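Given next are the chains, with one letter for each unit.
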Amino acid sequence: MSVPVLPYGRQTIEDDDIAAVAEALRGDFLTTGPTVERFERVFAETVGARHAVACANGTAALHLAMLALDVQPGEAVVAPSITFLATANCARYVGAEVVFADVDPDTGLMTPDTLARALERLDGRRLRAVLPVHLRGDAAELPALETLAQDAGAVLVEDAPHALGTTMKFGNATEQVGDVRHSAMATFSFHPVKTIATGEGGMVTTNDAALAERLRRMRSHGMVRPEGCEPWWYEMPEPGLNYRLPDVLCALGLSQLAKLPRFAARRRALASAYREALAPLAPLVRPAAQPAWSDPVLHLMTVLIDFEAAGRTRLQVVEALRARGVGSQVHYIPVHRQPYYRDRYGDLDLPGAEAWYARCLSLPLYPGMEDADVARVVEALQAALSPT
Ligand SMILES: *Cc1c(COP(=O)(O)O)cnc(C)c1O
(Lines give C-alpha, C1' and ligand atoms only; values in the text may rest on other atoms or scores of the structure.)
Protein backbone atom coordinates (compact mmCIF):
# COMPACT_ATOMS: atom_id res chain seq x y z
CA MET A 1 0.00 0.00 0.00
CA SER A 2 1.34 3.41 -0.89
CA VAL A 3 0.95 6.30 1.56
CA PRO A 4 -1.44 9.00 0.26
CA VAL A 5 0.64 11.89 -0.96
CA LEU A 6 0.07 15.55 -0.12
CA PRO A 7 0.69 17.28 -3.45
CA TYR A 8 2.71 20.53 -3.51
CA GLY A 9 -0.46 22.32 -4.58
CA ARG A 10 -4.03 21.58 -5.58
CA GLN A 11 -7.40 23.18 -6.24
CA THR A 12 -10.21 23.57 -3.71
CA ILE A 13 -13.51 22.89 -5.49
CA GLU A 14 -16.64 22.91 -3.31
CA ASP A 15 -20.29 22.07 -3.90
CA ASP A 16 -21.26 25.66 -4.72
CA ASP A 17 -18.50 25.82 -7.35
CA ILE A 18 -19.99 22.72 -8.96
CA ALA A 19 -23.48 24.24 -8.74
CA ALA A 20 -22.24 27.43 -10.43
CA VAL A 21 -20.84 25.40 -13.34
CA ALA A 22 -24.03 23.33 -13.61
CA GLU A 23 -26.10 26.51 -13.76
CA ALA A 24 -23.91 27.91 -16.52
CA LEU A 25 -24.24 24.63 -18.44
CA ARG A 26 -28.02 24.95 -18.34
CA GLY A 27 -27.85 28.49 -19.68
CA ASP A 28 -27.77 29.74 -23.27
CA PHE A 29 -24.06 30.43 -23.54
CA LEU A 30 -21.36 27.83 -23.28
CA THR A 31 -18.65 30.13 -24.52
CA THR A 32 -19.05 33.89 -25.06
CA GLY A 33 -21.82 34.97 -22.71
CA PRO A 34 -22.59 37.47 -19.95
CA THR A 35 -20.58 35.60 -17.28
CA VAL A 36 -17.32 36.44 -19.07
CA GLU A 37 -17.89 40.16 -18.54
CA ARG A 38 -19.09 39.63 -15.00
CA PHE A 39 -15.97 37.62 -14.10
CA GLU A 40 -13.80 40.31 -15.69
CA ARG A 41 -15.57 43.10 -13.79
CA VAL A 42 -15.34 41.39 -10.41
CA PHE A 43 -11.71 40.40 -11.02
CA ALA A 44 -10.78 43.99 -11.95
CA GLU A 45 -12.50 45.27 -8.77
CA THR A 46 -10.80 42.60 -6.66
CA VAL A 47 -7.27 43.56 -7.72
CA GLY A 48 -7.98 47.28 -8.13
CA ALA A 49 -7.46 47.58 -11.89
CA ARG A 50 -9.63 49.47 -14.39
CA HIS A 51 -9.84 46.65 -16.94
CA ALA A 52 -9.55 42.87 -16.86
CA VAL A 53 -9.60 40.66 -19.95
CA ALA A 54 -10.23 36.94 -19.45
CA CYS A 55 -8.46 34.44 -21.69
CA ALA A 56 -7.71 30.78 -22.20
CA ASN A 57 -4.79 30.40 -19.76
CA GLY A 58 -1.83 32.22 -18.25
CA THR A 59 0.34 31.53 -21.28
CA ALA A 60 -2.29 33.05 -23.58
CA ALA A 61 -2.41 36.04 -21.21
CA LEU A 62 1.32 36.60 -21.71
CA HIS A 63 1.07 36.13 -25.48
CA LEU A 64 -1.85 38.60 -25.65
CA ALA A 65 0.18 41.11 -23.62
CA MET A 66 3.00 40.91 -26.18
CA LEU A 67 0.51 41.32 -29.03
CA ALA A 68 -1.22 44.24 -27.31
CA LEU A 69 2.13 46.02 -26.96
CA ASP A 70 2.83 45.22 -30.63
CA VAL A 71 6.25 43.78 -29.77
CA GLN A 72 8.09 43.18 -33.04
CA PRO A 73 10.51 40.49 -34.22
CA GLY A 74 14.07 41.25 -33.16
CA GLU A 75 13.03 43.53 -30.28
CA ALA A 76 14.08 42.61 -26.74
CA VAL A 77 12.04 41.43 -23.76
CA VAL A 78 13.62 40.84 -20.34
CA ALA A 79 12.46 37.86 -18.25
CA PRO A 80 13.99 36.39 -15.09
CA SER A 81 15.54 32.94 -15.52
CA ILE A 82 13.75 31.56 -12.44
CA THR A 83 10.17 31.29 -13.68
CA PHE A 84 7.90 28.98 -15.65
CA LEU A 85 8.80 28.55 -19.33
CA ALA A 86 5.87 30.67 -20.53
CA THR A 87 7.30 33.95 -19.17
CA ALA A 88 10.18 33.71 -21.64
CA ASN A 89 8.36 31.86 -24.43
CA CYS A 90 5.78 34.64 -24.93
CA ALA A 91 8.54 36.86 -26.32
CA ARG A 92 9.46 34.18 -28.85
CA TYR A 93 5.81 33.80 -29.96
CA VAL A 94 6.07 37.31 -31.42
CA GLY A 95 9.64 36.85 -32.67
CA ALA A 96 11.24 38.97 -29.94
CA GLU A 97 14.50 37.95 -28.27
CA VAL A 98 14.60 37.02 -24.58
CA VAL A 99 17.22 38.69 -22.43
CA PHE A 100 17.40 36.60 -19.26
CA ALA A 101 17.86 38.46 -16.00
CA ASP A 102 19.47 36.88 -12.98
CA VAL A 103 17.61 36.68 -9.66
CA ASP A 104 18.36 37.30 -6.01
CA PRO A 105 19.60 33.91 -4.70
CA ASP A 106 17.47 34.11 -1.53
CA THR A 107 14.15 35.49 -2.85
CA GLY A 108 14.33 34.11 -6.40
CA LEU A 109 13.13 37.51 -7.67
CA MET A 110 14.51 39.70 -10.43
CA THR A 111 15.85 42.83 -8.69
CA PRO A 112 16.74 46.35 -9.88
CA ASP A 113 20.37 45.22 -9.78
CA THR A 114 19.85 42.03 -11.82
CA LEU A 115 17.66 43.97 -14.27
CA ALA A 116 20.34 46.65 -14.68
CA ARG A 117 22.86 43.93 -15.51
CA ALA A 118 20.49 42.34 -18.02
CA LEU A 119 20.06 45.74 -19.71
CA GLU A 120 23.82 45.70 -20.43
CA ARG A 121 23.19 42.66 -22.66
CA LEU A 122 20.63 44.15 -25.07
CA ASP A 123 23.15 44.07 -27.95
CA GLY A 124 21.65 47.18 -29.49
CA ARG A 125 18.13 45.72 -29.62
CA ARG A 126 15.16 47.92 -28.82
CA LEU A 127 13.81 46.96 -25.39
CA ARG A 128 10.00 46.78 -25.29
CA ALA A 129 9.03 45.00 -22.08
CA VAL A 130 10.40 43.78 -18.78
CA LEU A 131 8.51 40.86 -17.17
CA PRO A 132 8.92 40.70 -13.40
CA VAL A 133 7.57 37.48 -11.87
CA HIS A 134 6.18 37.59 -8.33
CA LEU A 135 7.78 34.25 -7.58
CA ARG A 136 6.01 32.11 -4.94
CA GLY A 137 3.68 35.06 -4.24
CA ASP A 138 6.27 37.54 -3.00
CA ALA A 139 6.18 40.82 -4.88
CA ALA A 140 9.06 42.08 -7.00
CA GLU A 141 10.29 45.63 -6.29
CA LEU A 142 8.01 47.25 -8.86
CA PRO A 143 8.74 51.01 -8.47
CA ALA A 144 12.49 50.60 -8.99
CA LEU A 145 12.01 48.09 -11.83
CA GLU A 146 9.55 50.50 -13.44
CA THR A 147 12.07 53.36 -13.35
CA LEU A 148 14.75 51.21 -14.98
CA ALA A 149 12.35 49.96 -17.65
CA GLN A 150 11.07 53.48 -18.38
CA ASP A 151 14.59 54.88 -18.67
CA ALA A 152 15.26 52.16 -21.25
CA GLY A 153 12.07 53.08 -23.16
CA ALA A 154 10.09 50.00 -22.09
CA VAL A 155 7.19 49.03 -19.84
CA LEU A 156 6.69 46.41 -17.16
CA VAL A 157 4.36 43.46 -17.72
CA GLU A 158 3.95 41.63 -14.41
CA ASP A 159 3.69 37.85 -14.71
CA ALA A 160 1.53 37.48 -11.60
CA PRO A 161 0.00 33.95 -11.51
CA HIS A 162 1.66 33.29 -8.14
CA ALA A 163 0.52 36.46 -6.43
CA LEU A 164 -3.25 36.87 -6.53
CA GLY A 165 -4.05 38.54 -3.18
CA THR A 166 -0.51 39.74 -2.42
CA THR A 167 -0.21 43.32 -1.17
CA MET A 168 2.87 45.54 -1.24
CA LYS A 169 4.00 48.56 0.68
CA PHE A 170 6.21 51.05 -1.14
CA GLY A 171 6.67 54.18 0.97
CA ASN A 172 3.31 54.90 2.56
CA ALA A 173 1.21 53.45 -0.23
CA THR A 174 -0.32 50.00 0.09
CA GLU A 175 -0.72 48.45 -3.33
CA GLN A 176 -2.05 45.20 -4.65
CA VAL A 177 -0.61 42.85 -7.23
CA GLY A 178 -2.73 43.33 -10.35
CA ASP A 179 -3.60 47.00 -9.72
CA VAL A 180 -0.94 47.78 -12.35
CA ARG A 181 0.19 51.10 -10.87
CA HIS A 182 3.75 50.45 -12.09
CA SER A 183 3.14 48.28 -15.12
CA ALA A 184 1.29 48.29 -18.42
CA MET A 185 -0.36 44.95 -17.67
CA ALA A 186 -0.38 42.07 -15.20
CA THR A 187 -1.14 38.47 -16.18
CA PHE A 188 -2.77 35.73 -14.10
CA SER A 189 -3.45 31.99 -14.43
CA PHE A 190 -6.23 29.84 -13.01
CA HIS A 191 -4.44 26.52 -13.43
CA PRO A 192 -5.49 24.10 -10.64
CA VAL A 193 -2.41 24.75 -8.48
CA LYS A 194 -2.87 28.55 -8.57
CA THR A 195 -4.76 30.55 -5.94
CA ILE A 196 -8.12 30.24 -7.71
CA ALA A 197 -8.82 27.56 -10.30
CA THR A 198 -10.88 27.24 -13.49
CA GLY A 199 -8.92 24.29 -14.91
CA GLU A 200 -7.43 26.28 -17.75
CA GLY A 201 -7.92 30.03 -17.48
CA GLY A 202 -6.12 33.35 -17.48
CA MET A 203 -6.59 37.09 -17.07
CA VAL A 204 -4.80 40.27 -18.05
CA THR A 205 -5.36 43.46 -16.05
CA THR A 206 -4.56 46.96 -17.29
CA ASN A 207 -5.51 50.57 -16.57
CA ASP A 208 -5.09 51.52 -20.25
CA ALA A 209 -8.32 51.43 -22.27
CA ALA A 210 -6.47 51.13 -25.59
CA LEU A 211 -4.49 48.11 -24.37
CA ALA A 212 -7.71 46.52 -23.04
CA GLU A 213 -9.36 47.00 -26.44
CA ARG A 214 -6.39 45.40 -28.22
CA LEU A 215 -6.29 42.49 -25.76
CA ARG A 216 -10.00 41.82 -26.40
CA ARG A 217 -9.58 42.06 -30.16
CA MET A 218 -6.55 39.75 -30.31
CA ARG A 219 -8.29 37.27 -27.97
CA SER A 220 -10.94 36.67 -30.60
CA HIS A 221 -9.36 36.42 -34.07
CA GLY A 222 -8.54 40.13 -34.34
CA MET A 223 -12.17 40.83 -35.26
CA VAL A 224 -13.92 44.17 -34.77
CA ARG A 225 -17.47 45.28 -35.46
CA PRO A 226 -17.41 48.92 -36.56
CA GLU A 227 -20.16 51.05 -35.08
CA GLY A 228 -23.34 51.15 -37.17
CA CYS A 229 -22.31 48.20 -39.37
CA GLU A 230 -24.75 45.57 -40.64
CA PRO A 231 -25.51 42.79 -38.11
CA TRP A 232 -23.37 40.22 -39.99
CA TRP A 233 -20.41 42.50 -40.60
CA TYR A 234 -16.98 42.20 -39.03
CA GLU A 235 -13.53 43.40 -39.99
CA MET A 236 -10.06 42.16 -39.22
CA PRO A 237 -7.37 44.85 -39.10
CA GLU A 238 -4.80 42.18 -38.15
CA PRO A 239 -5.08 38.48 -37.34
CA GLY A 240 -5.63 37.43 -33.73
CA LEU A 241 -6.21 34.10 -31.99
CA ASN A 242 -8.96 32.17 -30.32
CA TYR A 243 -7.87 32.63 -26.71
CA ARG A 244 -11.37 33.03 -25.24
CA LEU A 245 -12.29 31.74 -21.78
CA PRO A 246 -15.68 29.99 -21.96
CA ASP A 247 -18.69 31.30 -20.05
CA VAL A 248 -18.85 27.99 -18.13
CA LEU A 249 -15.31 28.44 -16.80
CA CYS A 250 -15.97 32.10 -16.01
CA ALA A 251 -18.87 30.91 -13.82
CA LEU A 252 -16.38 28.71 -11.95
CA GLY A 253 -13.94 31.63 -11.80
CA LEU A 254 -16.58 33.93 -10.26
CA SER A 255 -17.49 31.31 -7.68
CA GLN A 256 -13.80 30.78 -6.83
CA LEU A 257 -13.05 34.50 -6.72
CA ALA A 258 -15.70 34.95 -4.02
CA LYS A 259 -13.61 32.58 -1.89
CA LEU A 260 -10.34 34.45 -2.39
CA PRO A 261 -10.44 36.08 1.08
CA ARG A 262 -10.86 32.67 2.72
CA PHE A 263 -8.27 30.96 0.49
CA ALA A 264 -5.81 33.81 1.10
CA ALA A 265 -6.30 33.74 4.88
CA ARG A 266 -5.77 29.97 4.89
CA ARG A 267 -2.60 30.24 2.80
CA ARG A 268 -1.29 32.97 5.12
CA ALA A 269 -2.04 30.88 8.22
CA LEU A 270 -0.39 27.77 6.78
CA ALA A 271 2.68 29.75 5.69
CA SER A 272 3.03 31.21 9.15
CA ALA A 273 2.68 27.74 10.74
CA TYR A 274 5.38 26.51 8.35
CA ARG A 275 7.73 29.34 9.33
CA GLU A 276 7.38 28.46 12.99
CA ALA A 277 7.74 24.71 12.45
CA LEU A 278 10.75 25.16 10.15
CA ALA A 279 12.67 27.49 12.47
CA PRO A 280 14.49 24.67 14.33
CA LEU A 281 15.78 23.32 11.00
CA ALA A 282 17.84 26.47 10.30
CA PRO A 283 20.44 26.96 8.97
CA LEU A 284 20.12 23.74 6.95
CA VAL A 285 16.61 24.72 5.82
CA ARG A 286 15.25 28.25 5.50
CA PRO A 287 12.06 29.50 3.89
CA ALA A 288 12.77 31.64 0.83
CA ALA A 289 13.46 35.20 1.99
CA GLN A 290 10.55 37.65 2.07
CA PRO A 291 11.29 41.15 0.76
CA ALA A 292 10.51 43.98 3.21
CA TRP A 293 7.78 45.53 1.00
CA SER A 294 5.93 42.27 0.32
CA ASP A 295 2.94 40.94 2.28
CA PRO A 296 2.35 37.78 0.29
CA VAL A 297 -0.45 35.34 -0.21
CA LEU A 298 2.02 32.56 -0.94
CA HIS A 299 1.34 30.28 -3.90
CA LEU A 300 4.36 28.11 -3.08
CA MET A 301 5.99 27.22 0.22
CA THR A 302 9.52 27.16 -1.13
CA VAL A 303 12.39 26.35 1.20
CA LEU A 304 16.09 26.66 0.47
CA ILE A 305 18.06 23.62 1.60
CA ASP A 306 21.81 23.31 1.98
CA PHE A 307 21.93 19.79 0.54
CA GLU A 308 25.69 19.62 0.71
CA ALA A 309 25.80 20.37 4.43
CA ALA A 310 22.99 17.83 4.98
CA GLY A 311 24.93 15.19 3.06
CA ARG A 312 21.82 14.44 0.99
CA THR A 313 21.05 15.06 -2.65
CA ARG A 314 17.80 16.75 -3.61
CA LEU A 315 16.67 13.53 -5.27
CA GLN A 316 17.23 11.60 -2.02
CA VAL A 317 15.22 14.19 -0.09
CA VAL A 318 12.39 14.24 -2.65
CA GLU A 319 12.20 10.44 -2.57
CA ALA A 320 12.35 10.27 1.24
CA LEU A 321 9.53 12.84 1.44
CA ARG A 322 7.46 10.88 -1.06
CA ALA A 323 7.94 7.68 0.94
CA ARG A 324 6.36 9.54 3.87
CA GLY A 325 3.48 10.81 1.76
CA VAL A 326 4.80 14.31 1.11
CA GLY A 327 4.91 15.64 -2.44
CA SER A 328 7.34 18.39 -3.43
CA GLN A 329 8.40 20.21 -6.56
CA VAL A 330 11.27 22.32 -7.88
CA HIS A 331 10.38 25.88 -8.88
CA TYR A 332 12.17 26.28 -11.19
CA ILE A 333 14.90 24.88 -13.42
CA PRO A 334 16.54 28.08 -14.75
CA VAL A 335 14.84 28.75 -18.10
CA HIS A 336 18.09 29.95 -19.72
CA ARG A 337 19.37 26.37 -19.33
CA GLN A 338 16.64 24.87 -21.52
CA PRO A 339 18.09 23.32 -24.69
CA TYR A 340 16.16 25.73 -26.90
CA TYR A 341 17.49 28.83 -25.15
CA ARG A 342 21.00 27.42 -24.80
CA ASP A 343 21.12 26.83 -28.54
CA ARG A 344 19.86 30.34 -29.17
CA TYR A 345 21.78 32.39 -26.60
CA GLY A 346 24.66 30.14 -25.47
CA ASP A 347 25.65 29.45 -21.88
CA LEU A 348 24.78 32.43 -19.70
CA ASP A 349 26.41 33.10 -16.36
CA LEU A 350 23.53 33.77 -13.95
CA PRO A 351 24.91 32.83 -10.52
CA GLY A 352 21.84 33.94 -8.54
CA ALA A 353 19.59 31.64 -10.58
CA GLU A 354 22.05 28.75 -10.16
CA ALA A 355 22.29 29.30 -6.39
CA TRP A 356 18.50 29.42 -6.12
CA TYR A 357 18.05 26.29 -8.25
CA ALA A 358 20.67 24.35 -6.26
CA ARG A 359 18.72 24.82 -3.01
CA CYS A 360 15.02 25.28 -3.76
CA LEU A 361 12.24 22.83 -2.94
CA SER A 362 8.53 23.63 -2.70
CA LEU A 363 6.56 21.89 0.06
CA PRO A 364 2.77 21.29 0.02
CA LEU A 365 0.69 24.46 0.35
CA TYR A 366 -3.01 24.75 -0.50
CA PRO A 367 -6.14 25.82 1.37
CA GLY A 368 -7.44 22.25 1.81
CA MET A 369 -4.46 21.22 3.95
CA GLU A 370 -5.08 20.44 7.61
CA ASP A 371 -3.14 22.22 10.35
CA ALA A 372 -1.59 18.85 11.29
CA ASP A 373 -0.27 18.43 7.75
CA VAL A 374 2.28 21.20 8.32
CA ALA A 375 3.83 19.36 11.25
CA ARG A 376 3.73 16.12 9.27
CA VAL A 377 5.57 17.72 6.33
CA VAL A 378 8.21 19.32 8.54
CA GLU A 379 8.81 16.08 10.45
CA ALA A 380 9.17 14.24 7.15
CA LEU A 381 11.65 16.86 5.97
CA GLN A 382 13.64 16.64 9.16
CA ALA A 383 13.80 12.83 8.84
CA ALA A 384 14.73 13.10 5.16
CA LEU A 385 17.68 15.33 6.06
CA SER A 386 18.93 13.37 9.09
CA PRO A 387 21.87 10.99 8.87
CA THR A 388 20.60 7.42 8.49
C1 LIG B 1 1.24 29.05 -14.24
C2 LIG B 1 2.17 30.07 -14.77
C3 LIG B 1 2.14 30.50 -16.10
C4 LIG B 1 1.28 29.86 -17.16
O5 LIG B 1 -0.03 29.73 -16.84
P6 LIG B 1 -0.91 28.60 -17.60
O7 LIG B 1 -2.30 28.97 -17.19
O8 LIG B 1 -0.47 27.28 -17.07
O9 LIG B 1 -0.68 28.75 -19.05
C10 LIG B 1 2.98 31.52 -16.48
N11 LIG B 1 3.84 32.07 -15.61
C12 LIG B 1 3.92 31.66 -14.33
C13 LIG B 1 4.89 32.35 -13.43
C14 LIG B 1 3.11 30.64 -13.88
O15 LIG B 1 3.22 30.22 -12.63
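The rules behind the values
- Residues numbered from 1 in each chain as written.
- Predicted model: local features only at pLDDT ≥ 70, side-chain atom pairs only at ≥ 80, totals over all residues.
- Heavy atoms only, no water.
- Helix = DSSP H or I, 4+ residues; strand = E, 2+ residues; numbered from the N terminus.
- Rg over C-alpha atoms; globule rule 2.2 N^0.38 Å.
- Buried < 20%, exposed > 50% of the residue type's maximum accessible area, 1.4 Å probe, protein only.
- Domains from an automatic or database assignment.
- Buried area = accessible area lost by both parts, 1.4 Å probe.
- Salt bridge = Lys/Arg side-chain N within 4 Å of Asp/Glu carboxyl O.
- Nonpolar A, V, L, I, M, F, W, Y, C, P; charged D, E, K, R; others polar.
- Pairing = 2+ DSSP bridges.
- Axes fitted to C-alpha atoms, helices over the stretch in contact; angles between N-to-C directions.
- Contact = heavy atoms within 4.5 Å.
- Core = buried A, V, L, I, M, F, W, Y, C linked by side-chain atoms within 4.5 Å.
- Near = heavy atom within 4 Å.
- Polar contact = N/O pair within 3.5 Å; in protein donor to acceptor, adjacent residues only side chain to side chain.
- Areas by Shrake-Rupley, 256 points an atom, 1.4 Å probe, with all protein chains shown as cover.
- 1 Å grid on protein atoms, 1.4 Å probe; cavity = no way out; pocket = protein on both sides within 12 Å on 5 of 7 lines; lining within 4 Å.
- Points joined across faces, edges and corners; volume = space filled by probe spheres on them.

A. Broad picture of the overall build of the protein chain. Counting its regular elements, the protein chain contains 14 helices and 13 strands. Relative to a compact globule of 388 residues, whose C-alpha radius of gyration would be 21 Å, the protein chain shows 21 Å and is just as compact. Taken over the C-alpha atoms alone, the protein chain extends approximately 75 × 55 × 45 Å along its principal axes. Sorting the 388 residues of the protein chain into buried and exposed places 53% on the buried side.

B. Quick peek at the domain arrangement of the protein chain. Under the domain assignment, the protein chain is made up of domain 1 (15–257) and domain 2 (260–385). Using only C-alpha atoms to locate each centre, domain 1 and domain 2 end up separated by 25 Å. Taken together, both faces of the contact between domain 1 and domain 2 bury some 3400 Å²; the carbon and sulfur share is 58%. The tally of links between domain 1 and domain 2 comes to two salt bridges. Breaking the side of domain 1 that touches domain 2 down by element, the ones donating at least two residues are α4 (85–93), β3 (97–101), β6 (167–170) and α8 (247–257). For the side of domain 1 that touches domain 2, a count of residues per class yields 19 nonpolar, 13 polar and eleven charged.

C. Representation of unusual backbone geometry within the structure. Omega for the bond connecting A282 with P283 falls within 30 degrees of zero, at 0°, which places this linkage in the cis form. Structurally, the position occupied by P283 is in the loop between α9 (260–278) and β10 (285–287). Residue Y332 is reached from H331 by a cis peptide bond, and omega for that bond is 5°. Mapped onto the elements, Y332 comes out in the loop between α11 (314–323) and α12 (339–345). Phi is positive for V180, which is not a glycine, with a value near 50°. The residue V180 is located in the loop between β7 (173–176) and β8 (185–189) in this model. What makes V180 buried here is its relative accessible area of 5%.

D. Main features of the sheet that holds strand β9 (residues 202–206). One open sheet holds the seven strands; their spatial order is β1-β9-β8-β5-β4-β2-β3, and the pairing between them is mixed. Of all the strands in the sheet, just β1 (51–55) and β3 have a single pairing partner and so form its edges. Within the sheet, the average angular offset between the axes of one strand and its neighbour, ignoring direction, is 25°. The pairing of strand β4 (residues 127–130) with strand β5 (residues 155–159) spans two bridges and is parallel. Bridge assignment links V130 to a residue of β5, and that residue is L156. Seen against the sheet, helix α2 (residues 34–47) touches β1, β8 and β9 and runs at an angle of roughly 130° to β1. Across the sheet, α4 touches β2 (76–80), β3 and β5, and the angle it forms with β3 is around 155°.

E. Up close: the nonpolar core. Formed by 46 residues in total, the largest nonpolar core has its most connected members in M66, L69, V77, L131, V157, M185 and W356. Considering each element in turn, this core owes the most residues, eight residues, to helix α3 (residues 58–68). The residue makeup of this core includes at least three contributed by each of domain 1 (15–257) and domain 2 (260–385). In contact with M185, not counting residues within four places along its chain, are A65, A68, L69, L156, V157, E158, V180, V204, T205, T206, L211 and L215. Membership of the second largest hydrophobic core comes to 44 residues, among which are F39, M168, A186 and L245.

F. Spotlight on the site of the ligand. Around the ligand, the structure places 14 residues, and the nearest of them are G58, T59, H162, S189 and K194. Here an oxygen atom of the ligand and a side-chain polar atom of T59 are 2.6 Å apart. The separation between an oxygen atom of the ligand and a polar side-chain atom of K194 is 2.9 Å. Burial of the ligand by the protein amounts to 92% of the accessible area it has alone, namely 380 Å². Counting only elements with at least two residues in the shell around the ligand, the list comes to α3 and α4. Taken together, the residues of the shell around the ligand sort by class into four nonpolar, eight polar and two charged.

G. Seen up close, the side chain of T83. Residue position: T83 is located in the loop between β2 and α4. There is a polar contact of 2.6 Å between the side chain of T83 and the side chain of T87. In this structure, T83 is in contact with V133, D159, Y332, I333 and V335, ignoring residues within four places of it in sequence.

H. Looking closely at empty space enclosed by the protein. Here the structure, examined in full by the defined rule, presents two cavities of 30 Å³ or more. Approximately 50 Å³ is the volume attributed to the largest cavity. If you trace the largest cavity, you find it lined by R136, D138, R275, P287, A288, Q290, L298, L300, M301 and T302. Per-class residue counts for the lining of the largest cavity are five nonpolar, two polar and three charged. Estimates place the volume of the second largest cavity at around 40 Å³. Lining the second largest cavity, in full, are R10, Q11, T12, K194, T195, I196, A197, Q256, F263, R267 and P367. Looking at the lining of the second largest cavity, you find at least three residues from each of domain 1 (15–257) and domain 2 (260–385).

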